[in-house]
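Spelled out, the chains give:
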Amino acid sequence: MSSRVLLFSIFLVSIVSCNAKLFRLSYTSIQSLESFKVQKDEQSGLVKRCDVNEAYSPNEKWAQKRYVRVNFHIMDDVEGSHNFPESAASVTYFKQLLENANYRLSLNKKMNLPIDNDTPVLDPGFRYVLTPNSKMKGDNGIYFHRDNDLYYFVNKGKNRNNFKRDVIKKYGRNQDSILNIFVLPHHPDSISSKSYKGGGTGIALGTSLKVAGLYDDKLEFWGYSTLLNHEIGHILGLNHSWYKNDGCDDTPPHANCWAPNMGASCDGDVVSNNVMDYNASQMAFTPCQLGKIHKGFARENSDTRGLITQNWCDFDANNFIVITKDTHWDGAKDLNRDVIVEAGTSLSISCRVSMAKGSKILIQRGANLILNNCRIHNSCGEEWLGIKAEIESNETPNIKIIGDVLLENITGQSQIIEK
Ligand SMILES: [Zn+2]
C-alpha cells in the first residue's frame, strides 16, 4: 500500500469514528412512554379545540381530499312525461351536473361580505364521487324510477310533500354510505296554479336530498350545480348563512338579497356570494363553514363520515407529512402517510389522529413531540407502527406526555434499534 493510500484510509476511519451512533427507539404502547409523563405543562399553553369548527378548516396543503359518495334517482310517473327520460343523454346530463358542482367547489371564491373583509379563501378540501353499486353489473349510480304516488314535489299548499321521506325510504340505496340525490318534477297541478312558484329548489333530509324544477326549467346542467352544492352543504352540517346564529363568525348576517338592487334593502353592493345564502352566485364557502364540514367528516360515527370514501386507510409509502415548523394539531385528523418531525421543530397533538396501516410518527434527533390528552389509533381496523425517536447514545428523546393519552392499534414491540 502506498503511503498516499494509507494516509487516505486513516482519514476515512477518523471520519467514521467521529460520527456518534444513531439509535432509533420504538414506542408501541403508552406504558413505554411512562417516563415522559408530566403533570402539567404550563409552557406549552396548548388549547384543545377538538369541537371548534376553525380547528378543521382545510389549511394544510398535504391534507387528502374527502370524497362524498353520491347517486341520483330520477323520478317520474308511469307515463314518463314529467322528468328526464331514461336515456344516455340524461345520464350524461347528471354526470356533467356533478362534474360542474365539483368544478365550482374547486373555484371557491372570496366572500363579498362583509365589505372589505380579509377572509381567507381555501380549497374546500372535499369533492363528490358518483358511486354505483359495485356488486350490480351495469350499475352507473343514476337510477330512473316510475311511481305515480311518489314521483312529484310540492313545497306549498295542502299537498305539500317536500319534507316527506317516503320516496327516500322506498328507493334510497345504502343511505348510510351514499348521499342519495332525488330529482323530482313539481306536481303538474301545482305548476298550473298561478300562486305556486316552481323553478329550481331543494331540501336536505338526513343523508339524502330532493331537488325539483330541473326538468321544468330546461336549463343547462350547469344551471343547477350551485343548487346541488347548497343542498349538500346542508347535509354536511351547514345552516343558511344570512342568519346570525349559523355557527360561523365569518358569515355576517345580511338581508339575503338574490342580486343587487332587488328591493330596497338590496340597494348597492351588499349582496352575498355565499353558497349557503339565496343569491345569484353561491360560489363562496368560508374557512369556518369548511371547518364545520370537515369537523363532521372527522367525528367518528357521524352520519357525514359514513358518506366519505375511507382513503386515509390506504397507506402511501412514497409521501410523507414533514413537520418543518412548530405545529399544533388541535383538531382530529385521518392520515395516510408517515409523519416526520424535523430537528428543531415541535409537533403537538391534542385530539384524535388515525394513522394508516404500517405508518409511523418519526421524531428526528432534536425534534419535539408533545402528546396532550390525545388519542392516536388506526380507525380502519388495522395496525400502525407507533412512535419512533432517533437519538445518539445516552440521549433521551424530547417527548412530553400530558394528561390522558391513548395509543391504540399498534403492532410490534417497544425496542431500541441501532441504525
Ligand atoms: Zn337551504
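Residues numbered from 1 in each chain as written. Predicted model: local features only at pLDDT ≥ 70, side-chain atom pairs only at ≥ 80, totals over all residues. Heavy atoms only, no water.

Colleague: Any chance you could break down the coordination of the zinc ion for me, citing the residues and the numbers?
Modeller: Protein ligation of the zinc ion involves His230 (NE2), His234 (NE2) and His240 (NE2), the donor distances falling in the range 2.0 to 2.1 Å. Mapped onto the sequence, the residues coordinating the zinc ion show the spacing H-x3-H-x5-H. (Donors = N, O, S within 2.8 Å, 3.2 Å for Na, K, Ca; no water.)

Colleague: Describe the sheet that holds strand β13 (residues 346–349), listing the residues and the values that go with them.
Modeller: Ordered in space as β2-β19-β16-β13-β10, the five strands form an open sheet in which the pairing is parallel. In this open sheet, the two strands that pair with only one neighbour each are β2 (37–38) and β10 (327–329). One ladder, built from five bridges, connects strand β16 (residues 368–372) with strand β19 (residues 398–402); its direction is parallel. Opposite asparagine 372, over in β19, you have isoleucine 402 as the bridge partner. (Pairing = 2+ DSSP bridges. Helix = DSSP H or I, 4+ residues; strand = E, 2+ residues; numbered from the N terminus.)

Colleague: Which residues make up the domain arrangement of the protein, and what values do they have?
Modeller: Under the domain assignment, the protein is made up of domain 1 (19–50 + 314–418) and domain 2 (63–235 + 252–285). A straight line from the C-alpha centre of domain 1 to that of domain 2 covers 43 Å. (Domains from an automatic or database assignment.)

Colleague: So what's going on with the state of the cysteines? Residues and values would help.
Modeller: Within this structure, the stated rule accounts for three disulfides. With its sulfur 1.9 Å from that of its partner, cysteine 50 forms a disulfide with cysteine 351. The sign of the -95° torsion about the S-S bond sets the cysteine 50-cysteine 351 disulfide as left-handed. Pair noted here: cysteine 50 is in the loop between β2 and β3 (66–76) and cysteine 351 is in the loop between β13 and β14 (352–355), with a separation of 301 residues, a long-range link. By relative accessible area, cysteine 351 is classed as buried at 5%. Across a sulfur-sulfur distance of 2.1 Å, cysteine 248 and cysteine 288 are joined as a disulfide pair. Residues cysteine 248 and cysteine 288 share a disulfide whose torsion about the S-S bond is about -80°; that sign makes it left-handed. With a gap of 40 residues between them, cysteine 248 in the loop between α6 (225–235) and α7 (287–298) and cysteine 288 in helix α7 connect regions that are remote in the sequence. Residue classification places cysteine 248 among the buried residues on the basis of a relative accessible area of 4%. A relative accessible area of 0% places cysteine 288 in the buried class. (Disulfide = S-S within 2.5 Å. Buried < 20%, exposed > 50% of the residue type's maximum accessible area, 1.4 Å probe, protein only.)

Colleague: Mind laying out the sheet that holds β14, listing which residues take part and the relevant values?
Modeller: What the four strands build is an open sheet, ordered β11-β14-β17-β20; its pairing is parallel. Looking at which strands have only one partner, the edges of the open sheet turn out to be β11 (333–335) and β20 (406–407). Summarising the sheet, β14 and strand β17 (residues 375–377) pair through three bridges and their orientation is parallel. If you follow serine 354 over to β17, its bridge partner there is histidine 377.

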